[in-house]
Amino acid sequence: MPSAADAPRPTSSAAAMPVEARDLVRRFGGLRAVDGMSIALRQGEMLGLIGPNGAGKTTLFNLIAGSLKPTSGSIQISGEEVSGEGPERRIAHGLGRTFQIPRPFPEMTVLENVLTGGQSQAGEHIWRNFLQPGRVAAEEKAAVDRARSLLDFVTLSGLEDEPARVLSGGQRKLLELARILMADPETILLDEPAAGVNPTLLEIIIDRVLDLNARGKSVLLIEHNMDMVARLCGRVVVMAAGRHLAEGPPAEVARNPAVIEAYLGGVAA
Ligand SMILES: Nc1ncnc2c1ncn2[C@@H]1O[C@H](COP(=O)(O)OP(=O)(O)OP(=O)(O)O)[C@@H](O)[C@H]1O
């Protein structure tokens, strides 16, 4: 099992939200995929982000994770304004993100794929190989040990020497979770972890996400599987047509007439 005891990252304020986005807009040509959306993920919370297909959920994730720049609006990670920065800075601020369809390096082994999630290893700076070879070797061993413990955590230990191309869709989601955990994120964005996953692996994913949350990780989850959302999240934000439509406990939003109408196609894009 991975250690949760790594050094905490500095934050600008003890009370800062892990993620706070305000008035975000993202246009694609004439389409406002995200249209004035605000959302806040609280410390230690598991927050569900739901909404019909095309509501703008993945675009919002891409804005928060830095793979897309907002047309306007602000994004703070642990109190730091990051809306002008790229994804690497978000990782440095303690943000980890998975994708709806994980794309591991297919010919690399499962263990090597996990190692690609490591940050700030001395071996990344070639000159240190000459100046501090002992330190590089020690860091490499620590990284491999950590990757192995994360593979154990996601139940893929037996596959560490296999090429990633042999993994099923659900195993790729577990591999991706292990890879982002290498950087020890404090905040995790999960994009549809249940999609295309068989029931056995889905139970493992749910169990591991609960475990991470119990160890203090804040989680923002996009998911269409409402059973999973209800099991994981105390609060859900509903998006429709790029906007915030409703929020509340899962059972409450599920019977909200505006939410039901949006899922039935009643909200014009
Ligand atoms: N790169 C892009 N270029 C143009 N339009 C885009 C782009 N990415 C997303 N869109 C459009 O933005 C809108 C929101 O898409 P998005 O993928 O964010 O929705 P979603 O809520 O994640 O949907 P789903 O639940 O189906 O994954 C859609 O109309 C989509 O076609």
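Relevant structure appears above.
Predicted model only: the values in this text are computed from it and were never measured. (Residues numbered from 1 in each chain as written. Predicted model: local features only at pLDDT ≥ 70, side-chain atom pairs only at ≥ 80, totals over all residues. Heavy atoms only, no water.)

Caption draft 1: Geometry of unusual backbone geometry. The phi dihedral of Asp-23 falls on the positive side, at around 50°, and the residue is not glycine. If you trace the backbone, Asp-23 turns up in strand 1 (residues 19-28). We note that Glu-192 has phi near 50°; this positive angle belongs to a residue other than glycine. Residue position: Glu-192 is located in the loop between strand 7 (187-191) and helix 7 (199-214). Of the residues examined, Glu-192 reaches a relative accessible area of 10% and is grouped as buried. (Helix = DSSP H or I, 4+ residues; strand = E, 2+ residues; numbered from the N terminus. Buried < 20%, exposed > 50% of the residue type's maximum accessible area, 1.4 Å probe, protein only.)

Caption draft 2: Local environment of helix 6 (residues 169-181). Across its 13 residues, helix 6 extends 19 Å between first and last C-alpha, which sits within 8% of the 18 Å expected from 1.5 Å per residue. Along helix 6, the positions that sit buried rather than exposed are Gly-170, Lys-173, Leu-174, Leu-175, Glu-176, Leu-177, Ala-178, Ile-180 and Leu-181. (Expected span 1.5 Å × (residues − 1).)

Caption draft 3: Spatial organisation of the site of the ligand. With respect to spatial proximity, 14 residues lie near the ligand, and among them Asn-53, Gly-54, Lys-57, Thr-58 and Thr-59 are the closest. At 2.8 Å from an oxygen atom of the ligand is found a side-chain nitrogen or oxygen belonging to Asn-53. Within the side chain of His-224, a nitrogen or oxygen atom sits 2.9 Å from an oxygen atom of the ligand. Contact with the protein chains removes 60% of the 630 Å² of surface that the ligand exposes when unbound. Only strand 2 (31-41) and helix 1 (57-65) provide two or more residues apiece to the shell around the ligand. Looking at side-chain class alone, the shell around the ligand contains five nonpolar, seven polar and two charged residues. (Near = heavy atom within 4 Å. Polar contact = N/O pair within 3.5 Å; in protein donor to acceptor, adjacent residues only side chain to side chain. Areas by Shrake-Rupley, 256 points an atom, 1.4 Å probe, with all protein chains shown as cover. Nonpolar A, V, L, I, M, F, W, Y, C, P; charged D, E, K, R; others polar.)

Caption draft 4: View of the nonpolar core. Membership of the largest hydrophobic core comes to 43 residues, with the highest contact counts inside it found for Leu-151, Val-154, Leu-175 and Leu-232. Sort the elements by how many residues they give to this core and helix 7 lands first, with seven residues. In this structure, Ala-21, Val-82, Leu-189 and Met-239 belong to the second largest nonpolar core, which totals 25 residues. (Core = buried A, V, L, I, M, F, W, Y, C linked by side-chain atoms within 4.5 Å.)

Caption draft 5: Fine view of the packing of aromatic side chains. Within the structure shown, the criterion is met by zero aromatic pairs. Over the ring of Phe-99 we find Arg-97; its NZ or CZ atom is 3.9 Å from the centre of that ring. The side chain of Arg-208 reaches across the aromatic face of Phe-153, ending 5.6 Å from its centre. (Phe/Tyr/Trp six-rings, centres within 6.5 Å; stacked < 30°, edge-to-face > 60°. Lys NZ or Arg CZ within 6 Å of the ring centre and 35° of its normal.)

Caption draft 6: View of the sheet that holds strand 4 (residues 72-77). A sheet is described by the order of its strands in space; here four strands give the open sequence 2-1-4-5, paired in antiparallel fashion. Strand pairing shows two members of the sheet lacking a second neighbour, strand 2 and strand 5 (80-81), which therefore form its edges. Pairing geometry for strand 1 and strand 2, over eight bridges, is antiparallel. Residue pairing in the sheet places Ala-21 in a bridge with Ile-39 of strand 2. Lying over the sheet, helix 1 contacts strand 1, strand 2 and strand 4, oriented at roughly 60° with respect to strand 2. (Pairing = 2+ DSSP bridges. Contact = heavy atoms within 4.5 Å. Axes fitted to C-alpha atoms, helices over the stretch in contact; angles between N-to-C directions.)

Caption draft 7: Layout of the pattern of salt bridges. Tallied over the full model, the rule gives 17 salt bridges. Across the pair Glu-85 and Arg-89 runs a salt bridge, and its minimum N-O distance is 3.8 Å. A residue is classified by how much of its surface remains accessible, and Glu-85, at 24% relative accessible area, is partly exposed. Overall, Arg-89 belongs to the partly exposed group, its relative accessible area being 42%. Notably, a salt bridge pairs Lys-217 with Asp-184, separated by 2.7 Å at the nearest N-O pair. Highlighted residues: Lys-217 in the loop between helix 7 and strand 8 (218-222) and Asp-184 in the loop between helix 6 and strand 7, separated in sequence by 33 residues. Like Asp-184, Lys-217 is buried. Residues joined by salt bridges that share partners form a network here, namely Arg-42, Glu-45, Arg-235 and Glu-247. (Salt bridge = Lys/Arg side-chain N within 4 Å of Asp/Glu carboxyl O.)

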